[in-house]
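Observations on chain architecture
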There are 2 protein chains.
Amino acid sequence: MTRVVATGTFDLLHPGHVLYLEKSRELGDELVVIVARDINVRHKPKPIVPESQRLKMVQSLKAVDRAVLGEEKDIFQLIERLQPDIITLGYDQHFDPAALEAELFSRGIHAQIVRVEANDPCTLCSSRQIVAKILERFRGRRV
Amino acid sequence: MTRVVATGTFDLLHPGHVLYLEKSRELGDELVVIVARDINVRHKPKPIVPESQRLKMVQSLKAVDRAVLGEEKDIFQLIERLQPDIITLGYDQHFDPAALEAELFSRGIHAQIVRVEANDPCTLCSSRQIVAKILERFRGRRV
C-alpha cells in the first residue's frame, strides 16, 4: 500500500486545492492530508478560516481518505508517525524537494518528494485572488 | 432507489454547506445537487465565486454523487427531468415547503420537500460571515 501525504493551509478552499489533492491521491492508495495549524502559518497572511474549519472542509473532499491537523511545535513529528511513501508538494509550495528529502532522510523518513505541477487555470484559484475580489466588490460598502 | 435533490448557491464553500449536503445524502441512495446559475442569484448579493467554480467545488465533495448547474430560465425544468423523490431545503432557504410542494405537484413532480434543520454552529458558517471577516482583516490594507 502506497501512502501519500499532502500538506497545506487550505484557506478558502478552491479548485486549485482540489486538483492538488486529486493528483496527490492518484499517486498512491491512500491520501492523508496534514492541515497547517493557524499558529504555524507565518510565510503568508494568517488564514481567514480557523484551523478546525479548514480541517473539516479538507476531510469532506472525495480525494481525501483522512485529514489531520499538523503538530504545533515540530512539523516533522507527524510525518514521522505517518511514515508516508510519498509526500507531495503543490506547484506553489516553495520548498526545495531535494533539501526536504535530505532533511526527512536524516530523521528516518524515507519518503519520496513529488511536486504536483498541475495548476487549475480558473480565475479564483488562490485564496489571495478570492480575498482581492471580495475587497474590490465590497470596498466602501456595508455587508 | 431514492433520489435526493439539494439546491443552493454554494458560494465560498463552508461546513454549513457540507452538513446540509451530508444530511441530504443520508435521506436517500443518490444525491444530485443543483448549483444556482450566477444570473439567477437575485435574493442575496451576487456570488463571489463564478458558477463553473462553485459547481466544481460541490462536485468534489464526498456527499455528492452528481452536481449540475441549474437552468437559466425555468428553474423547475431540471427538477422535472431529474424526477427526485425528495428535495431538501437548508435551514436558511426561505421557501414555504407546502407551497413549493404544491407548485411542483402541479407540474407533475411528486417530490417530498424535506427541510434539513441541522446547522453547524461554526464561526464562519455563512458566506456573509466569511466576507465580513475578510473585510475586517484587510480594511485599508493592500492584499
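As a reminder, the structure under discussion sits directly above these lines.
Note that the structure is predicted; figures quoted are calculated from it, not measured. (Residues numbered from 1 in each chain as written. Chains lettered and ligands numbered in written order. Predicted model: local features only at pLDDT ≥ 70, side-chain atom pairs only at ≥ 80, totals over all residues. Heavy atoms only, no water.)

It is worth spelling out helix H2 (residues 51–59) of chain B at this point. Residues of H2 of chain B that are buried: Glu51, Gln53, Arg54, Leu55, Met57 and Val58 of chain B. Where H2 of chain B is buried, its residues meet helix H1 (15–26) of chain A together with helix H1 (15–25), strand S2 (30–35) and strand S3 (66–69) of chain B. (Buried < 20%, exposed > 50% of the residue type's maximum accessible area, 1.4 Å probe, protein only. Helix = DSSP H or I, 4+ residues; strand = E, 2+ residues; numbered from the N terminus. Contact = heavy atoms within 4.5 Å.)

With that settled, consider the relation of the copies chain B and chain A. Overlay of chain B on chain A (RMSD 0.0 Å): rotation 180°, translation along the axis 0.0 Å. One copy is carried onto the other by what is essentially a two-fold rotation axis. In this assembly the copies share their binding face: 100% of the residues contributing to the interface of chain B also contribute to that of chain A. (Least-squares fit on C-alpha atoms with pLDDT ≥ 70 in both.)

Across the contact, 34 residues belong to chain B and 35 residues belong to chain A. Summed over both sides, the interface of chain B with chain A buries roughly 3100 Å², with 65% coming from carbon and sulfur. Between chain B and chain A we count 14 residue pairs in polar contact (both at pLDDT 80 or more) in total. If you tally residues by element for the side of chain B that touches chain A, the top one is helix H5 (residues 127–138) of chain B, at eight residues. A class-by-class count of the residues in the side of chain B that touches chain A yields 20 nonpolar, five polar and nine charged. (Buried area = accessible area lost by both parts, 1.4 Å probe. Polar contact = N/O pair within 3.5 Å; in protein donor to acceptor, adjacent residues only side chain to side chain. Nonpolar A, V, L, I, M, F, W, Y, C, P; charged D, E, K, R; others polar.)

Here the focus is the environment of Leu100 of chain B. Residue and element names in this part refer to chain B. Its place among the elements puts Leu100 in helix H4 (residues 97–106). Assessed through its relative accessible area of 14%, Leu100 is described here as buried. For the pair Leu100 and Gln112, spaced twelve residues apart in the sequence, the C-alpha separation amounts to 9.7 Å. Sequence-distant contacts of Leu100, that is, excluding residues within four places in its chain, are made with Phe76, Leu89, Phe95 and Ile113.

What follows deals with the nonpolar core. Counting 40 residues, the largest nonpolar core has Leu21, Val33 and Val58 of chain A together with Leu21, Val33 and Val58 of chain B as the members making the most contacts within it. Counting only elements with at least two residues in this core, the list comes to strand S1 (3–8), H1, strand S2 (30–35) and helix H2 (51–59) of chain A together with strand S1 (3–8), H1, S2 and H2 of chain B. If we skip the residues at most four places from it in the chain, Leu21 of chain B touches Ala6, Phe10, Leu31, Val33, Val58, Leu61, Ala63 and Val64 of chain B. Core analysis: the next-biggest nonpolar cluster, separate from the first, contains 18 residues, Leu124, Val131 and Leu135 of chain A together with Ile134 of chain B among them. (Core = buried A, V, L, I, M, F, W, Y, C linked by side-chain atoms within 4.5 Å.)

In short, shape yes, function no, at least from these values alone.
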